[in-house]
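# Descriptive analysis of the structure
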Amino acid sequence: MVYSYAFRRHLYGSQAPPWAIRHHVLIDLSCLAIVVAVLFFSPAAFANQPVSHLQLMDYHGALPPTGDNALESVSATPLPDQQNINLGINIEPVWLQFKVEAGDPPIVQLNNPLIHQIALHRYLPETSTFSAPIQRVAFTPLLGDELGRWRPVFELTEPGTYWLKLSSPQALRFQLSQTTLPQVNSDWRGFLLGQGLYLGMLLGLLVYNGVLLRFLKNSNYFWYLGFVGSSAVYFFLQKGLMFELVPAFPKLVNEALLFTALSIGIISALSFCRTFLMLPEQDRLMDRLFMVFIVFGLVCLVGTWWLPGHVSVKMFSVLGLGTMTLFCLASWRALQRRFRPARWLLMGWSALIVGCLVFILSIYGVLPHNLVTYYGFQFGSALESLLLSVALADRINLLRRERETLVKEKLRFATMSVTDGLTGLYNRRYLNRHLDESVQQARLQHQPLSLVMLDIDHFKVFNDRWGHLLGDKALQHFADILVEAVCEEDAVCRFGGEEFTIVLRHQPVQQALDVAERIRTMLRTTPLMTDANQAIPLTCTIGVVQYQVPESAKAFIARADSALYQGKEGGRDRVMSDLMTHQGST
Ligand SMILES: Nc1nc2c(ncn2[C@@H]2O[C@H](COP(=O)(O)OP(=O)(O)OP(=O)(O)O)[C@@H](O)[C@H]2O)c(=O)[nH]1
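Residues numbered from 1 in each chain as written. Predicted model: local features only at pLDDT ≥ 70, side-chain atom pairs only at ≥ 80, totals over all residues. Heavy atoms only, no water.

The protein has the name diguanylate cyclase in an unreviewed UniProt entry, where Halomonas llamarensis is given as its organism. UniProt, in the comment section headed Catalytic activity (unreviewed entry), describes the protein in these words: "2 GTP = 3',3'-c-di-GMP + 2 diphosphate". (UniProt positions renumbered as here; feature names shortened; annotations may be inferred.)

If you want it as structure tokens, here you go:
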């Protein structure tokens, strides 16, 4: 809704037409209704019942307390939310106590595979002591034939009081529920299917954008791949899938790898955003902040292998929150600069933030605990990866369009630089270049080359009598006749003032004389028509010469000019060459 409002402002400014407001309000309300419906009516994440009488024990020893009054000696606090447990970060072991009653479902499972140490003991009332740690249920792992015992699932057949020890440098957030074995397996299949879909989608994006990187060689794609690849690795490790492949994989290494993937992901995302929004060129302040966070990300990357887990968690929380804020701020500022593809970026990061928020709010019980909220972060990440891919495509499109416009502009300027503004013919600059090339070609290929130089007669008198504006029209009229009289490959140029030239490649002087005569006759028989429909006769004098090796282009022009001059001297309205004279009627 916020974006809808922002885009409305962006699209229409302050003068949004009423229909646009109605139309956006409708979209806003529909979005809100869909989000609320999905959040509240999606299937429950784990349709299992919580364990009963769950209490947090005020005891932090490594082993359960012993002695006659072992249970009574430790004070206990019932947890406010028996289903979704959030005990935060704890450096010392945490002990929980719960009860299993006759008739309860036999399986107790804890749905966080990353907790370093989980030990479950049954209280033995006869001796006032605790049993040895209870073995986890063995499952057939996804790959291989061996049985794995890495999942925190216990089969508790005997009613009684149980003590659960948890120690982990990560935040202790989980659900502890009672269920049946078929339900555990069904949940697990659903979970694996979801993870498979997520990882499959990311893999598709990786391959697709990897191919684009290969062809487009654009650094944005490199950072995008870094980000999506790290997200895939992060969730693979965070959801405990590594233990599915290698049940004995050390938890500490899993955790360090998880944070490594997270920092590489954040560094890639920061670099992606930086190059995507062209911050070094467009937003220096944001660019500096991004650089600070990239350095911080590197520090976290190294630190995670050396620092205690709970310190890493805090550092990454600051890094994550700071980065998210920066993304939104930089994208917003880019939108203000009217950089359109930034909207995809803004939507992508927002999807991740919203996903994250939904997840956190469900932990605190504000939102219901169901599939959407439990996997909110992952949903957000999937949506974000998709939107960023769209953002890349949009940006590449924009760049391509910009490049096409540049090429067109370049072509337009190149054409303008060799075109005469009044007549649309080639100008003197073009003539010089073209004649040089033609002379070279004529020399090398031993081909004839002719030059025709034309000048409107008594043009000064024409201007004086009819004015310069009509004089301009007369020049355009003459230019039209020249273009009509010659072939496309013959270069017709305005030499300057009322003087024109035609370069006739591969043509000897005899043919050039025919062309010249044709022009002279056409001009004579096609007077200039004024707006008042008055016919004004025009004539021209033409000098024609054939190239003679080894003269220069300059000397070639000078000879044509001289032939023209002779024609003027001879009485005008005629074609002259240094070989022969064609005199027309006057
Ligand atoms: N209207 C108009 N006049 C131009 C343009 N360029 C040059 N002229 C005019 O063309 C005239 C050329 O005059 P001259 O060089 O004396 O030649 P002329 O009057 O045609 O006499 P001859 O060439 O000897 O027949 C000048 O009056 C220029 O002002 C132009 O772009 N538009």
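From this point on, the discussion continues.
## Re the packing of aromatic side chains
Evaluated as defined, the whole model comprises 24 aromatic pairs. With centroids separated by 5.3 Å and ring planes inclined at 65°, the aromatic side chains of Phe130 and Trp163 adopt a geometry described as edge-to-face. Taken together, the residues Phe130 in strand β8 (residues 129-130) and Trp163 in strand β10 (residues 160-167) connect sequence positions 33 residues apart. Trp163 carries the same exposure label as Phe130, and that label is buried. Geometrically, the ring pair formed by Phe191 and Tyr375 is tilted, given 6.4 Å between the ring centres and 35° between the ring planes. Pair noted here: Phe191 is in helix α3 (residues 181-216) and Tyr375 is in the loop between α11 (371-374) and α12 (376-417), with a separation of 184 residues, a long-range link. Each of the two residues, Phe191 as well as Tyr375, counts as buried. A network of ring pairs unites the aromatic residues Tyr59, Trp95, Tyr123, Phe130 and Trp163 as a single cluster. Here the basic side chain of Lys251 rests over the ring of Phe243, its NZ or CZ set 5.6 Å away from the ring centre. (Phe/Tyr/Trp six-rings, centres within 6.5 Å; stacked < 30°, edge-to-face > 60°. Helix = DSSP H or I, 4+ residues; strand = E, 2+ residues; numbered from the N terminus. Buried < 20%, exposed > 50% of the residue type's maximum accessible area, 1.4 Å probe, protein only. Lys NZ or Arg CZ within 6 Å of the ring centre and 35° of its normal.)

## A word on helix α4 (residues 219-238)
One turn of an α-helix holds 3.6 residues; hence residues three or four places apart share an orientation. With 20 residues, α4 ought to run about 28 Å at 1.5 Å a step, and its terminal C-alpha atoms sit 28 Å apart, in line with that. All of the buried residues along α4 are Asn220, Tyr221, Tyr224, Leu225, Phe227, Val228, Ser230, Ser231, Ala232, Tyr234, Phe235 and Leu237. Positive backbone phi, at 80°, marks Gly240, one or two positions downstream of α4. (Expected span 1.5 Å × (residues − 1).)

## Digging into the site of the ligand
With respect to spatial proximity, 16 residues lie near the ligand, and among them His458, Phe459, Lys460, Asp472 and Arg494 are the closest. Measuring from an oxygen atom of the ligand, one finds a backbone N or O atom of His458 at 2.7 Å. For the ligand, the protein covers 67% of the area, taking 670 Å² as the surface of the free molecule. Within the residue set of the shell around the ligand, elements represented by two or more residues are β12 (449-456), α14 (459-466) and α15 (468-485). Of all the elements, α15 adds the most residues to the shell around the ligand, at four residues. (Near = heavy atom within 4 Å. Polar contact = N/O pair within 3.5 Å; in protein donor to acceptor, adjacent residues only side chain to side chain. Areas by Shrake-Rupley, 256 points an atom, 1.4 Å probe, with all protein chains shown as cover.)

## Topic: the nonpolar core
Generally speaking, soluble globular proteins have nonpolar side chains that are buried together. Grouped together as the largest cluster of nonpolar side chains are 58 residues, with contacts concentrated most on Tyr224, Leu270, Phe276, Leu277, Phe290, Leu345 and Trp349. Every element with two or more residues in this core is listed here: α3, α4, α5 (241-245), α6 (251-276), α8 (284-303), α9 (309-336), α10 (342-363) and α12. Ranked by residues supplied to this core, first place goes to α6 with 10 residues. Trp349 has contacts with Phe227, Ala269, Cys273, Phe327, Cys328, Ser331, Glu384 and Leu388, leaving out every residue within four places of it along the chain. By size, the runner-up hydrophobic cluster in this structure holds 34 residues, among which are Phe462, Val492, Ala512 and Val515. (Core = buried A, V, L, I, M, F, W, Y, C linked by side-chain atoms within 4.5 Å. Contact = heavy atoms within 4.5 Å.)

## A word on empty space enclosed by the protein
On inspection of all chains with the given rule, the structure shows two cavities of 30 Å³ or more. In this structure, the largest cavity occupies an estimated 40 Å³ of space. In terms of lining, the largest cavity is formed by Leu114, His116, Gln170, Phe243, Lys251, Asn254, Glu255 and Leu258. Looking at the lining of the largest cavity, its residues break down into three nonpolar, three polar and two charged. Here the lining of the largest cavity spans two domains, since at least three of its residues come from each of domain 2 (49-179) and domain 3 (185-406). Volume-wise, the second largest cavity comes out at about 30 Å³. Ranked by the residues each element gives to the lining of the second largest cavity, the list is headed by helix α13 (residues 428-445), at three residues. Tallied by class, residues from the lining of the second largest cavity come to three nonpolar, four polar and one charged. (1 Å grid on protein atoms, 1.4 Å probe; cavity = no way out; pocket = protein on both sides within 12 Å on 5 of 7 lines; lining within 4 Å. Points joined across faces, edges and corners; volume = space filled by probe spheres on them. Nonpolar A, V, L, I, M, F, W, Y, C, P; charged D, E, K, R; others polar. Domains from an automatic or database assignment.)

## Looking at the pairing of strand β5 (residues 94-100)
Along any regular strand, the residues point their side chains to alternate faces of the sheet. Burial runs high along β5: six of the seven residues are buried. In this structure, strand β2 (residues 52-57) lies alongside β5, joined through four bridges in antiparallel fashion. Within β5, the residue paired with Leu56 across the bridge is Leu96. Relative to β10, β5 is paired through seven bridges, and the arrangement is antiparallel. (Pairing = 2+ DSSP bridges.)

## Topic: the environment of Arg494
With respect to the helices and strands, the residue Arg494 is situated in strand β13 (residues 491-496). Under the relative-accessibility criterion, Arg494 is labelled buried at 16%. On a C-alpha basis, the gap between Arg494 and Gly424 in space is 9.0 Å, while along the polypeptide they are 70 residues apart. Once residues lying within four places of it in the same chain are set aside, the contact partners of Arg494 are Asp420, Leu422, Thr423, Leu425, Tyr426, Asn427, Arg428, Leu475, Glu499 and Phe500. Within polar-contact distance, the side chain of Arg494 engages the backbone oxygen of Gly497 at 2.8 Å.

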